[in-house]
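# Summary of the model geometry
Spelled out from the first residue to the last, the chains are:
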Amino acid sequence: MTVFLCGFMGCGKTTVGRIAAKKLGCNFYDTDELIVENQNMTIPEIFSEKGEPYFRKIEADIVKSMCGKSAVIACGGGAMLNPDTAKAVADTGEAIVFLDIDFNTCYERIGDDTNRPLVVNNTKAQLKVIFDARYEIYKSHSTVCIDASGSPIETAELIAGAVRRNIC
């Protein structure tokens, strides 16, 4: 089974995903890393030179290509916002796990990250508006919601437990 992790920037998808993959004995992939490798450009370069719609298309293609792998996949913060991408993943029976965590925790983790175009181009207040707009979409496109307010190990245990109980 493929387990796709979704949630806002800084919710812990990559950190928790690496641990959860080890606990489940499967591979781990980060879609942002795959995009950078595929395009041979950084994410800010892609946004600047080719635009966000181009980035989102590549992101959707990569997410869909990961279906059917025995892996935990950390999706970019916008990947599962696309209803077509979320539906394509859900239609394959793969798990989409929303890492639910509060905005302030996310912002503490991403506030100074210059590799995130949305962070660089928005104020904290604007990011909060984006967070709020995305929250219900993440929930509605997910198979299961995991409280990610604990440590990365605790959160990874919750994911692994959900997968083992087949609730994802």
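Our structure's up above, just so we're on the same page.
What comes next is a walk through the structure. Treat the numbers as computed from the prediction; the structure is a model and nothing was measured. (Residues numbered from 1 in each chain as written. Predicted model: local features only at pLDDT ≥ 70, side-chain atom pairs only at ≥ 80, totals over all residues. Heavy atoms only, no water.)

A separate point is the pattern of salt bridges. For the coordinates displayed, the defined rule picks out eight salt bridges. Glutamate 59 is the partner of arginine 56 in a salt bridge, and the nearest nitrogen-oxygen pair spans 2.9 Å. Here glutamate 59 and arginine 56 lie together in helix α4 (residues 52–65), a separation of three residues that amounts to about one turn. For the salt bridge of lysine 128 with aspartate 132, the shortest nitrogen-to-oxygen distance reads 2.7 Å. Taken together, the residues span about one helical turn, with lysine 128 and aspartate 132 both in helix α8 (residues 124–140) at a distance of four residues. Among the charged side chains, a network of salt bridges with common partners joins Glu52, Arg56 and Glu59. (Salt bridge = Lys/Arg side-chain N within 4 Å of Asp/Glu carboxyl O. Helix = DSSP H or I, 4+ residues; strand = E, 2+ residues; numbered from the N terminus.)

With that settled, consider unusual backbone geometry. In this model, asparagine 40 sits at a positive phi of 55°, which is unusual for a non-glycine residue. Among the structural elements, asparagine 40 can be located in the loop between α2 (31–39) and α3 (43–50). Among the residues examined, asparagine 40 registers a relative accessible area of 71% and is labelled exposed. (Buried < 20%, exposed > 50% of the residue type's maximum accessible area, 1.4 Å probe, protein only.)

For the structure shown, the criterion picks out eight aromatic pairs. Arranged with centres 5.1 Å apart and planes meeting at 50°, the rings of phenylalanine 47 and phenylalanine 55 form a pair that is tilted. Taken as a pair, phenylalanine 47 and phenylalanine 55 share a single burial class, namely buried. On the numbers, 6.2 Å between centres and 40° between planes, the contact of phenylalanine 131 with tyrosine 135 is tilted. With phenylalanine 131 and tyrosine 135 both in helix α8 and four residues apart, this pair spans about one turn of that helix. According to the relative accessible area criterion, phenylalanine 131 is buried, its value standing at 9%. Three or more aromatic residues joined by ring pairs make a cluster, and in this case those are Phe8, Phe98, Phe103, Tyr107, Phe131, Tyr135 and Tyr138. (Phe/Tyr/Trp six-rings, centres within 6.5 Å; stacked < 30°, edge-to-face > 60°.)

Let us look at the side chain of glutamate 59. Judged by relative accessible area, which is 2%, glutamate 59 ranks as buried. Side chain to side chain, glutamate 59 and arginine 56 meet in a polar contact 2.9 Å long. Non-local contacts of glutamate 59, meaning those with residues more than four positions away in its chain, are made with Asp32, Ile35, Gly76, Gly78 and Ala79. (Polar contact = N/O pair within 3.5 Å; in protein donor to acceptor, adjacent residues only side chain to side chain. Contact = heavy atoms within 4.5 Å.)

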